[in-house]
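Observations on the three-dimensional arrangement
One letter stands for each residue in the lines below.
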Amino acid sequence: MPKKHGKKSQELKVAKDFNSALIYGINALSSNPSQIKYYANIANLAENISDADAARLEEVLNILDAGMYKVQADQMPELSTLAESLRKRISSIRETKLAEAEQKQQKAEQELQNTLAEQWKKLETPGNYQEQITVCQQRLALLQQDNDETELKKTSSLLTYLLGANNIENAIHPIEQALNQNQFIDMDQLDIIAAKLQSAYAATINLMSHDLSAIPEAYPAQLKQFANRIRTCETKTDDLKAKFMQQVFDCVYTDSIDSLPERFKSQFNMFDEAIPLNGGELTTRLQLLSRKAAKLNALLPGITNNNMLLECKKKMNTLSGEIDNLQKARKAAYQMWAVDKCKTAIDFHERCNPFNDEDADSIMNHYKIYEIDVTLLTPESMEIYQYIRAKVIDEYNGTKAASAMKILALSQKKSIEEF
């Protein structure tokens, strides 16, 4: 059997199938482990085994080392030489692989440093936020392998800034476009824009509070630009709001409320409910003007443009003048009514000769001077009223006079609102 395996090993060696030849050579050796020629055969075959198959070479070396206890003493030097030659080769392979691994590691580290440097170069100046965020995230992942705490902190700070700045930019940019292109913006949209600008400003202030000392100076400088852009948008928004509110003001002033958005109609209903229409002609006109004045006053705080506000206040002054004139006209109408009532009673008194208590009753019951509210009378009207009142009271005796004075004082009065 050893001869058979040995022969097969030689045939495979000639065919340059060294791995198979080695297997047969090892089998031949295992059948007769004391023969040096079999050790020499596998050592010779191992020379043709690739350096990449280190495990097979280690196996052969272990067989050669074990053979030192099995061969004859005079064969030990030869076997030792075979083993030492293979040992040197294996050691050389190990050193080569270690050197290659170190070289590969150094190359990888250098490539990593080059990549990190290239990435930071892309991040040194502000650019497209989304692209820079992606680069920053990739750089952070690489730095986790490098374990560079300083670079990690610097890149992490920059990523925090970029994420915040990107959100601010996404909030401001569409607003700037809408405002610059004079797109139709209604009051509801302006309220939403104002809220977004406030949120963007708060985010800018929050970003300013972060420690940005480790990132390039060009980035923190953007925060001032953000603040300026937000202020510009706020100014434009306030002007549009003021313009819109002035238009609403003019609609109310010209009694064109039906053309207003629904939000204002429902708001103005509160003023209509608070000032009901329930009086005479002059009072109704006064109530309508008072409603209008209340609505206009409610709009004034929303008109922040000084020139627009001045124009609106001029109109308010005109309206106040109309209200004042109506109040005077209504008071004059009350005086006319009271004086006419007193004059009719005086005419009746002068026709009565003599004037008795029955005539006084007639003045009280028919001419009803007790309906006059003396608190509303002018001094001239009061003088006429006092004249006829004295005539009535003087005609009565003590008890009846007291009763008449009670009626004059406590009876239901005609209100000025009835005019």
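Residues numbered from 1 in each chain as written. Predicted model: local features only at pLDDT ≥ 70, side-chain atom pairs only at ≥ 80, totals over all residues. Heavy atoms only, no water.

On to the overall build of the protein chain, then. Each helix and strand in the protein chain was counted, giving 15 helices and zero strands. Principal axes of the C-alpha set define a box for the protein chain whose edges measure 180 × 45 × 35 Å. Relative to its full complement of 419 residues, the protein chain shows a buried share of 37%. The contacts in the protein chain between residues at least 6 apart in sequence include a share of 66% that link residues at least 24 apart. (Helix = DSSP H or I, 4+ residues; strand = E, 2+ residues; numbered from the N terminus. Buried < 20%, exposed > 50% of the residue type's maximum accessible area, 1.4 Å probe, protein only. Contact = heavy atoms within 4.5 Å.)

Here we come to the packing of aromatic side chains. Under the defined criterion, the tally for this structure stands at six aromatic pairs. Centroid distance Tyr334 to Phe419: 5.3 Å. Interplanar angle 65°. Geometry classified as edge-to-face. Placement of Tyr334 in helix 12 (residues 306-351) and of Phe419 in the segment after helix 15 (398-410) is noted, with a sequence separation of 85 residues between them. Looking at Tyr334, the relative accessible area reads 0%, which means it is buried. Relative accessible area serves as the criterion here: at 14%, Phe419 is assigned to the buried category. (Phe/Tyr/Trp six-rings, centres within 6.5 Å; stacked < 30°, edge-to-face > 60°.)

In this model, helix 11 (residues 281-299) (19 residues) spans 28 Å end to end at C-alpha, consistent with the 27 Å of a helix rising 1.5 Å per residue. Of the positions making up helix 11, those classed as buried are Leu282, Thr283, Leu286, Gln287, Leu289, Arg291, Lys292, Ala293, Lys295, Leu296 and Leu299. (Expected span 1.5 Å × (residues − 1).)

Our focus in this paragraph is the nonpolar core. Membership of the largest hydrophobic core comes to 30 residues, with the highest contact counts inside it found for Leu123, Leu158, Tyr161, Leu162, Ile172, Tyr219 and Phe226. Residue assignment for this core shows that the elements contributing at least two residues are helix 5 (76-123), helix 6 (129-146), helix 7 (149-180), helix 8 (187-208) and helix 9 (218-253). A total of 10 residues in this core trace back to one element, the largest contributor, which is helix 7. For Leu162, the residues in contact, after removing those within four places along its chain, are Tyr129, Gln132, Ile133, Cys136 and Tyr219. (Core = buried A, V, L, I, M, F, W, Y, C linked by side-chain atoms within 4.5 Å.)

Among the surface-exposed residues, Tyr201, Ile205 and Met208 lie close enough to one another that they form a single nonpolar patch of about 250 Å² accessible area. Within the secondary structure, Ile205 sits in helix 8. (Patch = residues over 30% accessible without salt bridge, like charges linked within 9 Å, V, L, I, M, F, W, Y side chains within 5 Å. Areas by Shrake-Rupley, 256 points an atom, 1.4 Å probe, with all protein chains shown as cover. Salt bridge = Lys/Arg side-chain N within 4 Å of Asp/Glu carboxyl O.)

Our next topic: helix 13 (residues 357-365). Taken together, the buried positions of helix 13 are Asp359, Ala360, Ile363 and Met364. Taken end-on, helix 13 shows its buried residues confined to a sector of 145°, consistent with a single buried face. Within helix 13, the exposed residues directed more than 90 degrees away from the buried face are Glu358 and Asn365. On its buried side, helix 13 packs onto helix 12, helix 14 (379-395) and helix 15. (Arc of directions from axis to C-beta.)

Moving on, we come to the side chain of Ser411. Note that Ser411 resides in the segment after helix 15. Of the polar contacts made by the side chain of Ser411, one reaches the backbone oxygen of Ile407; its length is 2.6 Å. Setting aside its immediate chain neighbours within four residues, Ser411 contacts Tyr370 and Lys406. (Polar contact = N/O pair within 3.5 Å; in protein donor to acceptor, adjacent residues only side chain to side chain.)

As a further point, take the packing of helix 9 against helix 12. Direction vectors running N to C along helix 9 and helix 12 enclose 20°, while the axes themselves pass 10 Å from each other. When the interaxial angle is binned, helix 9 and helix 12 end up roughly parallel. Two packed elements cross with a definite hand, and for helix 9 against helix 12 that hand is left-handed. Here Asp239, Ala242, Lys243, Gln246, Phe249, Asp250 and Tyr253 of helix 9 come into contact with helix 12, specifically with Met308, Glu311, Cys312, Lys315, Met316, Thr318 and Leu319. In the contact of helix 9 with helix 12, the residues fall into seven nonpolar, two polar and five charged. (Axes fitted to C-alpha atoms, helices over the stretch in contact; angles between N-to-C directions. Parallel < 35°, antiparallel > 145°, perpendicular 65-115°, else oblique. Left-handed = near helix turned anticlockwise from the far one by under 90°. Nonpolar A, V, L, I, M, F, W, Y, C, P; charged D, E, K, R; others polar.)

Take the environment of Thr232 next. Mapped onto the fold, Thr232 is located in helix 9. Judged by its relative accessible area of 41%, Thr232 is partly exposed. Spatially, the C-alpha atom of Thr232 lies 58 Å from that of Gln103, the residues being 129 residues apart in sequence.

Attention shifts here to the pattern of salt bridges. In total, this model carries 17 salt bridges according to the counting rule given. Salt-bridge contacts for Lys314 lead to Glu311; the nearest nitrogen and oxygen are separated by 3.7 Å. Taken together, the positions of Lys314 and Glu311, both in helix 12 and three residues apart, correspond to about one turn of that helix. Judged by its relative accessible area of 46%, Lys314 falls in the partly exposed class. Judged by its relative accessible area of 39%, Glu311 is partly exposed. In this structure, Lys343 engages Asp347 in a salt bridge whose closest nitrogen and oxygen atoms are separated by 3.5 Å. With Lys343 and Asp347 both in helix 12 and four residues apart, the pair spans about one turn of that helix. A residue is classified by how much of its surface remains accessible, and Lys343, at 47% relative accessible area, is partly exposed. The class of Asp347 is partly exposed, set by a relative accessible area of 28%. Among the charged side chains, a salt-bridge network with shared partners connects Asp65, Glu84 and Arg87.

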